[in-house]
Amino acid sequence: MVSTFPSLNTIDLSRIRLTIRNLQPQLVEWRRRLHQKPELGFQEKLTSAFIAEKLQEWGIEHQTGIAQTGIVAIIKGKKTGSQKVLAIRADMDALPIQELNEVPYKSQHDGLMHACGHDGHTAIALGTAYYLQQHRHNFSGTVKVIFQPAEESPGGAKPMIAAGVLKNPDVDAIIGLHLWNNLPLGAIGVRPGALMAAVECFDCTIFGKGGHGAMPHQTVDSVVVAAQVVNALQTIVSRNVNPIDSAVVTVGELHAGTKRNVIPDTARMSATVRYFNPELTGFFQEKIQQVISGVCQSAGAKYDLKYWSLYPAVINDVGMAELVRSIAEEVVETPLGVVPECQTMGAEDMSFFLQEVPGCYFFLGSANPSKDLAYPHHHPRFDFDETALGMGVEMFVRCVEKYLGGAD
Ligand code: NI
């Protein structure tokens, strides 16, 4: 069944909303089609072929094969005035998760699932491109719609930027959204500054000296050293980071040993580090190395540490966030629906685009517990209220018409 907007009976069906309301069945159809054929990062062949087919059908200029499977569509406004270029970014990839939803549009690819809503992002971006192509007389300048591969892993934004998607014509600003089951349908999360965290990772192996569990004095116990390291790492956020700054150090993997009475030679751990403040770049790597080195030295153990940075923090431009916030108020029709307390320690490679040009990434509430559509992202039963698709298109279209208003 096709959803309708949440408050249809109370709203003024403005020009934009009325048109998008008519587009809703298509948005749902595209999203469900994409949902049935999920593809992992840089393998989005069916997905990008579907996007290209639609853009072709609508006569929208586009380039394919950017960073393997990425696509950029270009739509030029017919109004005179601003010659600015606004980019809209959507990610297209799925996850290696077996879908547990029993729905007619269930994933047909074994072991793969659109469990984060990127199928919805692609459908929203397609709907936006379609609408803008039909309404070029309502804006000036140029809109670039960027369909990006591999957000989940290993990151498609960076190679797309390297391939020049922000150039020729040069992009002045960028917007993007994430369907968000942490917010109810009808709410929009937007704020200036940090929205999502920087993510760094490390793998560490502790080298002790194995032996008999009953004779620890003959060994260097890698289990005890690893336990001390895990504990000591927890003091970095609590004792070394300014309490005003949020940060997380999570050791999510710890492996050692094969038998209760054998002290193992080695212990391995893997961890993730999150923070908002870009001034902390480099701090955790140095401090974590110091802690591990100190603990190992005191125990007579050795270690091997591999540390790397994945994505920087998603930092919204103040002006662009204000633009999106003001539009969000129009779309949800009440300032109460606009949620500034929406920061998360989750990460997103939209951050690379935001490092290049000012922009705003925002969360589009998509949970609807009354329809059992409230499972968290990356859960095998994740799904969202498709009413949000039309709201996403409305957000983007209104942003375009406000940013590239031009002259009448
Ligand atoms: Ni996602």
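Residues numbered from 1 in each chain as written. Predicted model: local features only at pLDDT ≥ 70, side-chain atom pairs only at ≥ 80, totals over all residues. Heavy atoms only, no water.

Enquirer: Could you clarify how one ought to interpret the coordination of the nickel ion in this entry?
Expert: By definition of the ideal shapes, four donors in a tetrahedron about a metal sit 109.5 degrees apart, and six donors in an octahedron sit 90 or 180 degrees apart. Taken together, the protein ligands of the nickel ion are Cys116 (SG), His118 (NE2) and His178 (NE2), with distances of 2.1 to 2.3 Å. The motif formed by the donor residues of the nickel ion, counted along the single chain, is C-x1-H-x59-H. Of this pair, cysteine 116 sits in the loop between strand E3 (85-91) and helix H3 (118-134) while histidine 178 sits in strand E5 (residues 173-184), placing them 62 residues apart in sequence. Taking relative accessible area as the criterion, cysteine 116 reaches 7% and is therefore assigned buried. (Donors = N, O, S within 2.8 Å, 3.2 Å for Na, K, Ca; no water. Helix = DSSP H or I, 4+ residues; strand = E, 2+ residues; numbered from the N terminus. Buried < 20%, exposed > 50% of the residue type's maximum accessible area, 1.4 Å probe, protein only.)

Enquirer: Sorry, what's going on with helix H5 (residues 222-240) here?
Expert: Three- or four-residue spacings in an α-helix give side chains the same orientation, since the helix completes a turn every 3.6 residues. Across its 19 residues, H5 extends 26 Å between first and last C-alpha, which sits within 8% of the 27 Å expected from 1.5 Å per residue. Along H5, the positions that sit buried rather than exposed are Ser222, Val225, Ala226, Val229, Leu233 and Ile236. Projected down its long axis, H5 shows its buried positions confined to an angular sector of 95 degrees, all on one face. Residues of H5 that are exposed and angled more than 90 degrees away from the buried face: Asn231 and Arg239. On its buried face, H5 sits against strand E8 (198-207), strand E10 (247-256), strand E12 (266-275) and helix H6 (283-299). Capping of H5 at its N-terminal end is provided by aspartate 221; its side-chain oxygen lies 2.9 Å from the backbone amide nitrogen of valine 223. (Expected span 1.5 Å × (residues − 1). Arc of directions from axis to C-beta. Contact = heavy atoms within 4.5 Å. Polar contact = N/O pair within 3.5 Å; in protein donor to acceptor, adjacent residues only side chain to side chain.)

Enquirer: What is the right way to read the nonpolar core from this model?
Expert: Nonpolar side chains tend to gather and get buried jointly when the protein is soluble and globular. Counting 68 residues, the largest nonpolar core has Leu55 and Phe147 as its most contacted members. At 10 residues, the largest contribution of residues to this core is made by helix H9 (residues 387-403). Setting aside residues no more than four positions away along its own chain, phenylalanine 147 makes contact with Ile51, Leu55, Gly70, Ile71, Ala90, Met92, Thr122, Ala125, Leu126 and Met160. Val85, Val171, Ile174 and Met196 belong to the second-largest nonpolar core, a separate cluster that totals 33 residues. (Core = buried A, V, L, I, M, F, W, Y, C linked by side-chain atoms within 4.5 Å.)

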